[in-house]
Protein chains: 2
Amino acid sequence: MVSEDSARIGQSQTVRAAMTLRDMIIDGRLEPEMRYTETQLAELLSMSRTPIRAALQRLTDEGLLTAMPAGGYVIRLLLPSEISETIELRGVLEGLCARLLAERGCPGAALDELVALSAQIEALLADDGFSRADLPTYERLNGRFHQKLVAATESTLLIQELARANNRPFASASSLVGMYENDRAARQHLLIGQDHHRTVIEAIRSRQGARAEAIMREHARLSQRNLMRAVESSRSLELLRGASLIRQPDEETG
Amino acid sequence: MVSEDSARIGQSQTVRAAMTLRDMIIDGRLEPEMRYTETQLAELLSMSRTPIRAALQRLTDEGLLTAMPAGGYVIRLLLPSEISETIELRGVLEGLCARLLAERGCPGAALDELVALSAQIEALLADDGFSRADLPTYERLNGRFHQKLVAATESTLLIQELARANNRPFASASSLVGMYENDRAARQHLLIGQDHHRTVIEAIRSRQGARAEAIMREHARLSQRNLMRAVESSRSLELLRGASLIRQPDEETG
DNA sequence: CGAGTTATATCTGTATACACATACAGGCGT
DNA sequence: ACGCCTGTATGTGTATACAGATATAACTCG
């Protein structure tokens, strides 16, 4: 049951446990509705309970697990409405970042980097040969854009809170890329997102705080729409990492 | 909701450690700028490193401590600007709650409770005999109002995130009560806050999402103003719990 | 006298041991 | 037959032991 540990070497057991368990949960390799004890998981990952315990605490914090009162943990299934809220939360936080940057002024160097990333994304999408094969590149650039936007605030608080929010399943901007049914739909969607990137830079530069905030919120809602569409179509759902964590509202649960 | 030492008995060592350390840090019984090791703190609290370790992890999460790369923890001093951001974050999150309640509709029972709490606060402030002696009562009612507003969303995510945000020093609505220089100033301030309570209920009831959100944000900024005034007056600062955690911007730190 | 090196004292990360709480099952009494 | 009680097994919370890493300080050599 040892997974691709390649990216996990050199880290502490605790970090490795958290990463491995998170992946196992999101990939559906651990069953929802089932109760897992520290002891079980320690044996499963071949390490002692100490790092497992720390990892479980962390994953509970991230909302992936629920601690049972009698002991043990259960994988938390999310209603589509809960996922919406998660993405809404990210939008609100990124909106706060954008507004603060506009109101306080954004350091020139950071703004330049945002412009550069935006230009790279634009170039990628402008290419007529754009296809789903380019999605990983897009995902990387998009992720860096979002990260840079937050980092530009130079606020430890916001950087920390957004990192936490992004760890939640389906929250991060990158987690929803890759589930487009065809190249044209993908490009069309991403072009709209890129317009948000361009306009939020413009808003920040012009000190339009409310506008910058509104744009980042709407940007998150683009992800939201995208995801909700996927939830309703089992075909797209198969492409979505973490789909096993979604609980359909009508599903009866004990 | 017992917040005295009495709440500390019967709990696990881990919880006790977290509570005790948090209090010691906020009350200035542990020196900022000084490096504390797990071992030291374990001996200080007469328990083993295991629960201390978990507590330190938690307090680091709350932004009270910084983990040193070489090991050990240092109490994090906050610039006034960082405290502002903390309160702004709370305002943004509570604003999100209020907006969602307005947009989705707020359960009638919850709305009734908010109205009841608001009325109680109103009655307290309307009394001509109002004085600083009534502040603890106000603090209790105010805290319950805010908590109820969040709980009314029935969103695990928002409840969890706001609980975390409120744990940060100076963030919670209650942490800033009690530092008024005289009865009249206190009452005047609290009356404005109470107007926010009244109007946000009105906005939620009328499904005015943007208004509800704006009111809660402005409500948080009332705390912000209050705090900033205190930071500039050493007299009020003495009344502020956690004042030792504030770092003056001009202060040189080695 | 200064810089590099080594020895030492800590400290963290992890494993393990143990006690107490809790759930479950089987037996006993009614 | 059903319900209660008790014994057992399992799990968590905590303490402790231990190994590897790291800073510090002293010492040696140039």
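From a predicted model like this one, the values you see are computed outputs, not experimental measurements.

A.B. asks: Summarise unusual backbone geometry; cite the residues concerned and give the values.
C.D. replies: In this model, Glu33 of chain A sits at a positive phi of 70°, which is unusual for a non-glycine residue. Its location among the elements puts Glu33 of chain A in the loop between helix 1 (13–26) and strand 1 (35–36). With 10 C-beta atoms packed within 10 Å, Glu33 of chain A lands in the exposed category. A positive phi angle, close to 55°, is found at Ser46 of chain B, a residue other than glycine. Residue classification places Ser46 of chain B among the exposed positions, given that 7 C-beta atoms sit within 10 Å.

A.B. asks: If you had to explain the nonpolar core to someone new, which residues and values would you point to?
C.D. replies: Judged by nonpolar contacts, the single largest core of 90 residues is most densely connected at Ala98 of chain A together with Ala98 of chain B. Residues contacting Ala98 of chain A, with those up to four places away along its chain left out, are Leu149, Val200, Ile204, Ala212, Glu213, Ile215 and Met216 of chain A. Ala17, Leu21, Leu41 and Leu56 of chain A belong to the second largest nonpolar core, which has 15 residues in total.

A.B. asks: Pulling in residues and values, what's your account of the protein's contact with DNA strand D?
C.D. replies: Near DNA strand D there are 14 residues, and of these Thr37 and Gly71 of chain A together with Ser12, Gln13 and Ser48 of chain B occur at the shortest range. Of all the secondary-structure elements, those providing two or more residues to the surface near DNA strand D are helix 2 (38–44) of chain A together with helix 1 (13–26) and helix 3 (49–61) of chain B. With 3 residues, the top contributor of residues to the surface near DNA strand D is helix 3 of chain B. Split by residue class, the surface near DNA strand D holds 3 nonpolar, 9 polar and 2 charged.

A.B. asks: With reference to specific residues and values, describe the environment of Leu124 of chain B.
C.D. replies: Residue and element names in this part refer to chain B. Relative to the helices and strands, Leu124 resides in helix 5 (residues 108–126). For the pair formed by Leu124 and Gln160, sequence separation is 36 residues and the distance between their alpha carbons is 30 Å. Once you skip the residues sitting within four places of it in the chain, Leu124 turns out to touch Phe130, Asp134, Thr137 and Tyr138.

A.B. asks: Describe the relation of the copies chain B and chain A, and please don't skip the residues or the numbers.
C.D. replies: Both copies of the chain are related by a screw-like operation: a rotation about an axis and a shift along it. In the superposition of chain B on chain A (RMSD 0.1 Å, axial shift 0.0 Å), the rotation amounts to 180°. Accordingly, the operation relating the two chain copies is best matched by a two-fold axis. Most of the interface of chain B is mirrored in chain A, where 100% of its interface residues again form contacts.

A.B. asks: Explain the domain arrangement of chain A to me, using residue names and the numbers behind them.
C.D. replies: Residue and element names in this part refer to chain A. By the assigned domains, chain A splits into domain 1 (5–75) and domain 2 (80–245). Using C-alpha coordinates to define each centre, domain 1 is positioned 28 Å away from domain 2. Taken together, the contact between domain 1 and domain 2 spans 6 residues of the former and 7 residues of the latter. Residues that form the side of domain 1 that touches domain 2 fall into these classes: 3 nonpolar, 2 polar and 1 charged.

A.B. asks: Go over the sheet that holds strand 3 (residues 73–75) of chain B, please, and point to the residues and values.
C.D. replies: Either a parallel or an antiparallel arrangement is found when strands of a sheet pair, and the pairing is made through backbone hydrogen bonds. Residue and element names in this part refer to chain B. Read across the sheet, 3 strands follow the order 1-3-2 without closing on themselves; strand pairing throughout is antiparallel. Taken across any chain shown, the strands that pair with only one partner, and hence form the sheet edges, are strand 1 (35–36) and strand 2 (65–67). Against the sheet, helix 3 touches strand 2 and strand 3, its axis set at about 110° to strand 2.

A.B. asks: Let's hear about the confidence of the model for chain A: which residues, and what values?
C.D. replies: Residue and element names in this part refer to chain A. Overall, the predicted model of chain A reaches an average pLDDT of 89, with 93% of residues at or above 70. Averaged pLDDT values for the elements of chain A fall to 74 in helix 10 (residues 234–237) and rise to 97 in helix 4 (residues 80–104). Confidence over residues 1–7 falls short of pLDDT 50; this stretch has 3 contacts with residues more than four positions distant or in other chains.

A.B. asks: How would you sum up the protein's contact with DNA strand C? Please name residues and give values.
C.D. replies: Taken together, 14 residues lie around DNA strand C, and Ser12, Gln13 and Ser48 of chain A together with Thr37 and Gly71 of chain B are the ones closest in. Element by element, the count of residues in the surface near DNA strand C is highest for helix 3 (residues 49–61) of chain A, at 3 residues. Tallied by class, the residues present in the surface near DNA strand C amount to 3 nonpolar, 9 polar and 2 charged.

A.B. asks: Describe the environment of Ile121 of chain B, listing the residues and the values that go with them.
C.D. replies: With respect to the helices and strands, the residue Ile121 of chain B is situated in helix 5. With residues up to four places along the chain from it excluded, the contact list for Ile121 of chain B reads Tyr138, Leu141, Asn142, Gln194 and His197 of chain B.

A.B. asks: Account for the sheet that holds strand 2 (residues 65–67) of chain A, with residues named and values stated.
C.D. replies: Residues and elements named next belong to chain A. Strand order in this open sheet of 3 strands is 1-3-2, and the pairing throughout is antiparallel. Two strands close off the open sheet at either side, each with one partner strand: strand 1 and strand 2. Its contacts with the sheet put helix 3 on strand 2 and strand 3 (73–75), and the angle it makes with strand 2 is roughly 110°.

A.B. asks: Describe the interface of chain B and chain A, listing the residues and the values that go with them.
C.D. replies: The partner chain A presents 11 residues to the 11 residues of chain B that form the contact. Put simply, the parts of the chain that give the side of chain B that touches chain A at least two residues each are helix 4 (80–104) and helix 7 (156–167) of chain B. With 6 residues, the single largest contributor to the side of chain B that touches chain A is helix 4 of chain B. Among the residues making up the side of chain B that touches chain A, the classes are represented as 5 nonpolar, 3 polar and 3 charged.

A.B. asks: Got a sec to walk through helix 3 of chain A? Specific residues and values, please.
C.D. replies: Residues and elements named next belong to chain A. Compared with an ideal rise of 1.5 Å per residue, which puts 13 residues at 18 Å, helix 3 spans 18 Å between its outermost C-alpha atoms and is within 8% of the ideal. Turning to helix 3, its buried residues number three or more, namely Ile52, Ala55, Leu56, Arg58 and Leu59. Projection of helix 3 onto a plane perpendicular to its axis shows the buried side chains occupying an angular sector of 165°, all on one side. Contact partners of the buried residues in helix 3: helix 1, helix 2, strand 2 and strand 3. Residue Gly63 follows helix 3 closely and has a positive phi angle near 85°.

A.B. asks: How would you summarise the UniProt feature "domain: HTH gntR-type" (unreviewed entry) in chain A if you had to cite specific residues and measurements?
C.D. replies: Those residues carrying the UniProt feature "domain: HTH gntR-type" (unreviewed entry) are residues 11–78 of chain A in this numbering. With 50% helix and 12% strand, the stretch residues 11–78 of chain A has end C-alpha atoms that lie 30 Å from each other.

A.B. asks: So, the packing of helix 5 of chain B against helix 8 (residues 183–205) of chain B: which residues are in play, and what are the values?
C.D. replies: All names here are of chain B. Packing of helix 5 against helix 8 leaves a shortest axis separation of 10 Å and a crossing angle of 160°. As summarised for this structure, helix 5 and helix 8 are arranged roughly antiparallel, according to the angle between their axes. By crossing handedness, the relation of helix 5 to helix 8 is classed as left-handed. Together, Leu111, Leu114, Val115, Ser118, Ile121, Glu122 and Leu125 of helix 5 and Arg187, Leu190, Leu191, Gln194, His197, Arg198, Ile201 and Arg205 of helix 8 make up the contact between the two elements. Broken down by class, the residue content of the contact of helix 5 with helix 8 amounts to 8 nonpolar, 3 polar and 4 charged.

A.B. asks: Help me get a handle on the packing of helix 1 of chain B against helix 3 of chain B, residues and values and all.
C.D. replies: Helices that pack against each other are described as a pair by the angle of their axes relative to one another and the distance between those axes. All names here are of chain B. At a closest axis distance of 8 Å, the pairing of helix 1 and helix 3 adopts a crossing angle of 50°. Taken together, the axes of helix 1 and helix 3 lie oblique to each other. Here helix 1 and helix 3 pass one another in a crossing that is right-handed. Two secondary-structure elements touch here, helix 1 through Gln13, Thr14, Ala17, Ala18, Leu21 and Arg22 and helix 3 through Pro51, Ile52, Ala54, Ala55, Arg58 and Leu59. Class assignment for the residues of the contact of helix 1 with helix 3 results in 8 nonpolar, 2 polar and 2 charged.

Thresholds, definitions, all that
- Residues numbered from 1 in each chain as written.
- Chains lettered and ligands numbered in written order.
- Predicted model: local features only at pLDDT ≥ 70, side-chain atom pairs only at ≥ 80, totals over all residues.
- Helix = DSSP H or I, 4+ residues; strand = E, 2+ residues; numbered from the N terminus.
- Buried ≥ 20, exposed ≤ 12 C-beta atoms within 10 Å, placed from the backbone.
- Core = buried A, V, L, I, M, F, W, Y, C linked by C-beta atoms within 7 Å.
- Contact = placed C-beta atoms within 7 Å.
- Near = placed C-beta within 6 Å.
- Nonpolar A, V, L, I, M, F, W, Y, C, P; charged D, E, K, R; others polar.
- Least-squares fit on C-alpha atoms with pLDDT ≥ 70 in both.
- Domains from an automatic or database assignment.
- Pairing = 2+ DSSP bridges.
- Axes fitted to C-alpha atoms, helices over the stretch in contact; angles between N-to-C directions.
- pLDDT = per-residue confidence, 0-100.
- Expected span 1.5 Å × (residues − 1).
- Arc of directions from axis to C-beta.
- UniProt positions renumbered as here; feature names shortened; annotations may be inferred.
- Parallel < 35°, antiparallel > 145°, perpendicular 65-115°, else oblique.
- Left-handed = near helix turned anticlockwise from the far one by under 90°.

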